[in-house]
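So the chains spell out like this:
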Amino acid sequence: MTDVLVPTTRVLMVCMGNICRSPTAEAVLRTQAALRGLARRVEVDSAGTHGWHAGEPPDPRAQAHGARRGYDLAPLRARRVQATDFGRFDLILAMDRDNLAHLLELRPPGAGARVELLMRFARRHAVDEVPDPYYGAADGFERVLDLVEDACEGLLDHLCATTLRP
């Protein structure tokens, strides 16, 4: 019996330092994909537009708030976006307009990845950016989770209706 090749979509979540929003989005999308039986069809990673925290784990607050909702951020490590990411990933999703602009500047000519805002896929929240919770209180990390969960649900619905059809 031969395995049927099924489409896979590779998604890169991006924020500035890759220690709060983008690793949260990576963990949420990975978990939601697994719950839908799509773990082998949706590959997800995260990175930052700046390399200040390269090699570091996610912010302890992001880990704690994520863990309360069942997301494991502990094994993740920050890294900086590389030019090769624009060929490796199908979809690169920025958490805010500043990082989107930075990604568009970094994007090599002819790169195949679509680059856009994650919140484009949200259905319950009428905002287009995921705010950076780093300098704020605990409720900022909860807000990030609310927004990211909504957007990742919408993203998976979109992928299932378009690129992940068998």
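The structure this text deals with has already been given above.
The notes below deal with the structure included here. (Residues numbered from 1 in each chain as written. Predicted model: local features only at pLDDT ≥ 70, side-chain atom pairs only at ≥ 80, totals over all residues. Heavy atoms only, no water.)

Under the definition given, this model contains 1 aromatic pair. Judged by centre distance (4.8 Å) and plane angle (85 degrees), the ring pair of Tyr-134 and Tyr-135 falls under edge-to-face. One cation-aromatic arrangement involves Arg-61 over Tyr-134; the distance from NZ or CZ to the ring centre is 5.4 Å. (Phe/Tyr/Trp six-rings, centres within 6.5 Å; stacked < 30°, edge-to-face > 60°. Lys NZ or Arg CZ within 6 Å of the ring centre and 35° of its normal.)

This structure, assessed with the given rule, holds 19 salt bridges. A salt bridge links Asp-128 to Arg-97, with the nearest nitrogen and oxygen atoms 2.6 Å apart. With Asp-128 in the loop between β4 (114-117) and α5 (138-161) and Arg-97 in helix α4 (residues 97-106), this pair connects stretches of sequence that are 31 residues apart. Note on Arg-97: relative accessible area 44%, which makes it partly exposed. Residue Glu-153 pairs with Arg-124 through a salt bridge whose shortest N-O separation is 2.9 Å. Placement of the pair is Glu-153 in helix α5 and Arg-124 in the loop between β4 and α5, with a sequence separation of 29 residues. (Salt bridge = Lys/Arg side-chain N within 4 Å of Asp/Glu carboxyl O. Helix = DSSP H or I, 4+ residues; strand = E, 2+ residues; numbered from the N terminus. Buried < 20%, exposed > 50% of the residue type's maximum accessible area, 1.4 Å probe, protein only.)

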